[in-house]
Amino acid sequence: MLKNMHAHATGLDEALARFDQLWSPRIVATVNDHDVRVAKVAGEHLWHAHDDTDEFFCVLDGELHIALREGSDERTVTLTKGSVFVVPRGVEHKPSSPDGASILLFERTGTSSVGTRHDTVPAHVDATTGRELT
């Protein structure tokens, strides 16, 4: 018998339907020492960086913009449904979605949604290491 086997598969649409809070990622699976998280997003997140880990984004629905800055260089990457992008560790970034999006994140377990360095956290952003999917 396999240890720690999950009883069932998790549908991503079903997982997203279980919550409404924006910028509050939910953990849908764990792979080795990484979480697979889903989130609903709209508006702007905040400038932040993860100094010790990369951050993987996949757009499930909608469009996501990720502003990136290193020193005085700044650019924005636009992700549409089905697109993926990795923000390298240490790079300041600010996700946003003017019309809303659903995203999948893959990041080391315990990684804060607002990084290790960040601007003041606005009230609409959940500073979390991922919430359990209930």
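Residues numbered from 1 in each chain as written. Predicted model: local features only at pLDDT ≥ 70, side-chain atom pairs only at ≥ 80, totals over all residues. Heavy atoms only, no water.

### Considerations on the overall build of the protein chain
A tally of regular secondary structure across the protein chain gives one helix and nine strands. Beginning at the N terminus, the succession of helices and strands in the protein chain can be written as α-β-β-β-β-β-β-β-β-β. Relative to the globule expectation of 14 Å for 134 residues, the C-alpha radius of gyration of the protein chain, 15 Å, shows essentially globular dimensions. For the protein chain, the proportion of contacts with a sequence separation of at least 24, taken over those separated by at least 6, is 68%. (Helix = DSSP H or I, 4+ residues; strand = E, 2+ residues; numbered from the N terminus. Rg over C-alpha atoms; globule rule 2.2 N^0.38 Å. Contact = heavy atoms within 4.5 Å.)

### Here we look at the pattern of salt bridges
Under the definition given, this model contains nine salt bridges. Across the pair Asp-51 and Arg-117 runs a salt bridge, and its minimum N-O distance is 2.9 Å. Of this pair, Asp-51 sits in the loop between strand E3 (48-49) and strand E4 (55-70) while Arg-117 sits in strand E8 (residues 117-118), and the two are 66 residues apart along the sequence. Classification of Asp-51 by relative accessible area gives partly exposed; the value is 39%. Between Asp-54 and Arg-89 there is a salt bridge, with the nearest N and O atoms lying 3.6 Å from each other. Highlighted residues: Asp-54 in the loop between E3 and E4 and Arg-89 in the loop between strand E6 (84-87) and strand E7 (92-108), separated in sequence by 35 residues. For Asp-54, a relative accessible area of 32% corresponds to the partly exposed category. (Salt bridge = Lys/Arg side-chain N within 4 Å of Asp/Glu carboxyl O. Buried < 20%, exposed > 50% of the residue type's maximum accessible area, 1.4 Å probe, protein only.)

### A short note on the nonpolar core
The nonpolar side chains of a soluble globular protein tend to be buried with one another. The biggest cluster of nonpolar side chains holds 19 residues, and the ones touching the most others in it are Phe-57, Leu-64, Ile-66, Leu-79 and Ile-103. Counting residues per element, the ones that place at least two in this core are strand E2 (34-44), E4, strand E5 (73-80), E6 and E7. Tallying contributions element by element places E4 first for this core, with five residues. Discounting chain neighbours no more than four positions away, the residues touching Ile-103 are Arg-37, Val-38, Ala-39, Val-41, Phe-57, Cys-58, Val-59, Leu-60 and Leu-64. (Core = buried A, V, L, I, M, F, W, Y, C linked by side-chain atoms within 4.5 Å.)

### Describing the environment of Leu-104
Position of Leu-104 relative to the elements: it lies in strand E7. Distance from Leu-104 to Arg-37, taken between C-alpha atoms, is 5.6 Å for residues 67 residues apart in sequence. Discounting chain neighbours no more than four positions away, the residues touching Leu-104 are Leu-12, Val-36, Arg-37, Val-38, Phe-56, Phe-57, Cys-58 and Leu-60.

### Some words on the pairing of E4
Relative to E6, E4 is paired through four bridges, and the arrangement is antiparallel. Counted as the bridge partner of Glu-55 is Val-87 from E6. Of the pairings in the sheet, the one linking E4 to E7 comprises 11 bridges and is antiparallel in character. Within the sheet, the bridge partner assigned to His-65 lies in E7 and is Ser-96. Adjacent in sequence and paired antiparallel, E4 and E5 are bridged by two residues, among which Gly-71 carries a positive phi angle near 65 degrees. (Pairing = 2+ DSSP bridges.)

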